[in-house]
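# Chains, contacts and geometry: an overview
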Amino acid sequence: MFNVRRQLLLTAMCMAAGMGVSAPASAQEFPNKTLTIVVPFSAGGGVDTIARLLAEKLRASLKQNVIIDNKAGGSGMIGAMAVVKAAPDGYTLLLGSAGETAINAFVYKNKMQYSPSKDLTPITLVTRIPNVLVVSPAFPAKNIEELVAYAKKNPGKVAYSTSGVGNPQHLNGELLEELAGIHMVHIPYKGAAGQLIDVVSGNVDMTFVSYTAAKGFIKDGKVKAIAVTSAKRTSFAPDIAAIAEYKPLANYQLDNWFGLFAPAGTPEDVLQKLNAAVTQAIKDPDLSKKLQDQGGEPAPMSTQQFRDFIKTESVQFQRIVDTAKITAE
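Residues numbered from 1 in each chain as written. Predicted model: local features only at pLDDT ≥ 70, side-chain atom pairs only at ≥ 80, totals over all residues. Heavy atoms only, no water.

## Side note on the sheet that holds strand S5 (residues 131-135)
To keep things clear, this is the line we draw: The pairing criterion for strands is at least two bridges between them, as found by DSSP. The way it works is that DSSP assigns letters per residue, a run of H or I at least four long becomes a helix, a run of E at least two long becomes a strand, and they are numbered from the N terminus. The angle between two axes is taken between their N-to-C directions and runs from 0 to 180 degrees, where each axis is a line fitted to C-alpha atoms and a helix contributes only its stretch in contact.
Pairing within the open sheet is mixed, and its five strands lie in the order S7-S6-S8-S5-S9. Where the open sheet ends on each side, the last strands, each with one partner, are strand S7 (185-188) and strand S9 (224-228). If you compare each strand with its neighbour and ignore which way they point, the axes differ by 30° on average. Bridge analysis of S5 against S9 gives four bridges, and the strand direction is antiparallel.

## What to know about the sheet that holds strand S2 (residues 66-70)
Selection criterion: The contact criterion used throughout is that any non-hydrogen atoms of two residues lie within 4.5 Å.
Reading across from one edge, S2-S1-S3-S10-S4-S11 is the order of the six strands in this open sheet, with mixed pairing throughout. At either margin of the open sheet sits one strand with a lone partner, and together these are S2 and strand S11 (297-298). Pairing analysis gives four bridges linking strand S3 (residues 92-97) to strand S10 (residues 256-263), with the strands arranged antiparallel. Bridge pairing in S10 places Leu95 opposite Leu260. Relative to the sheet, helix H4 (residues 98-107) contacts S3, strand S4 (120-129) and S10, its axis offset from that of S3 by approximately 65°. Running over the sheet, helix H12 (residues 303-324) touches S4 and S10 and is turned about 70° from S4.

## Things to note about the pairing of strand S6 (residues 159-162)
Test applied: Under the scheme applied here, a residue whose accessible area is under 20% of the maximum for its type counts as buried, over 50% as exposed, and between as partly exposed, the area being computed with a 1.4 Å probe on protein chains only. Look down the strands so they point away from you; if going from the first strand over the helix to the second traces a clockwise path, that crossover is right-handed.
Residue alternation in S6 divides its side chains into two sets, Ala159 and Ser161 and Tyr160 and Thr162, and both sets are buried. For S6 and S7, the ladder comprises four bridges, and the chain directions are parallel. Among the inter-strand pairings, Thr162 is bridged to a residue of S7, identified as Pro188. Since S6 and S7 lie parallel, the crossover through helix H7 (residues 168-180) that links them has a hand, and here it is right-handed. Here S6 runs beside strand S8 (residues 206-210); their pairing, made up of two bridges, is parallel. Bridging across to S8, Tyr160 finds its partner in Met206.

## A few points about the pairing of S5
Of all five residues in S5, five are buried, a share of seventy percent or more. Here S5 shows no split at all, with Asn131, Leu133 and Val135 on one side and Val132 and Val134 on the other all buried. Where S5 meets S8, five bridges bridge the pair, whose relative direction is antiparallel. When the sheet's bridge partners are listed, Val132 is paired in S8 with Val209.

Encoded structure:
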């Protein structure tokens, strides 16, 4: 009887093979073909640069080609949606920012076509990108304490620019208003160039922007660097104080960040192999230095740590959005 059953099983397996039935993705050798990292923003920007630096290292460690596919638009949601719809096999990944993976669900409640927590699977955090608060040379404050004092004496008269509504820069401003008890005017721009140029000219008092975008202006004395938005000073600009160093704002921390995601349903062993490869790449001194040159702090995590991190960040993002009644619809 055992031999009969064994023969029937072997016959069924042969029939399945003959019909072209393949083993699950997780049981196959991974990776065995080209991987694609979708960047939900235009080529040449900060996210794109980080993706290409990461891809270069992954090509060597995974021994497969890794290409970048820029799908810009919709505040990052077009690119994210492309990954949500992709096969959950580990070959199509998203280098996502805080916006399309943890903030937009609260800002675009009726326009969001996917659920980041249900439709995307976190692989690892790649880098944290704190913003830097810079002011016009003519602005009468040289540190965060003086800025807060001036804003309290001039409610509604201090204006700050950002690159859009509901992004981490905007949330930086709202969090500062909330914790400092001040009222400022938010002026959203379309990109970092405009928001910085108007601070240089004095048309706007200050802005929250990436250090990479601002460092040339800071070096040339065209803007004054007041503070960074991370919990402590950064490794790439240690001379710039953190907002949290001012004791009344000790709880201030809000960074942008970029992490790698896969479609929901991607096999766990594939996720772990990707996590190991990315972690190894980020810890490489060469890539680590290049990420710091982009104004970021390398921050690899396990898949579970990254899931927990996103949950914690989302709670803060939602509270700020709801408190400030931010909407982009």
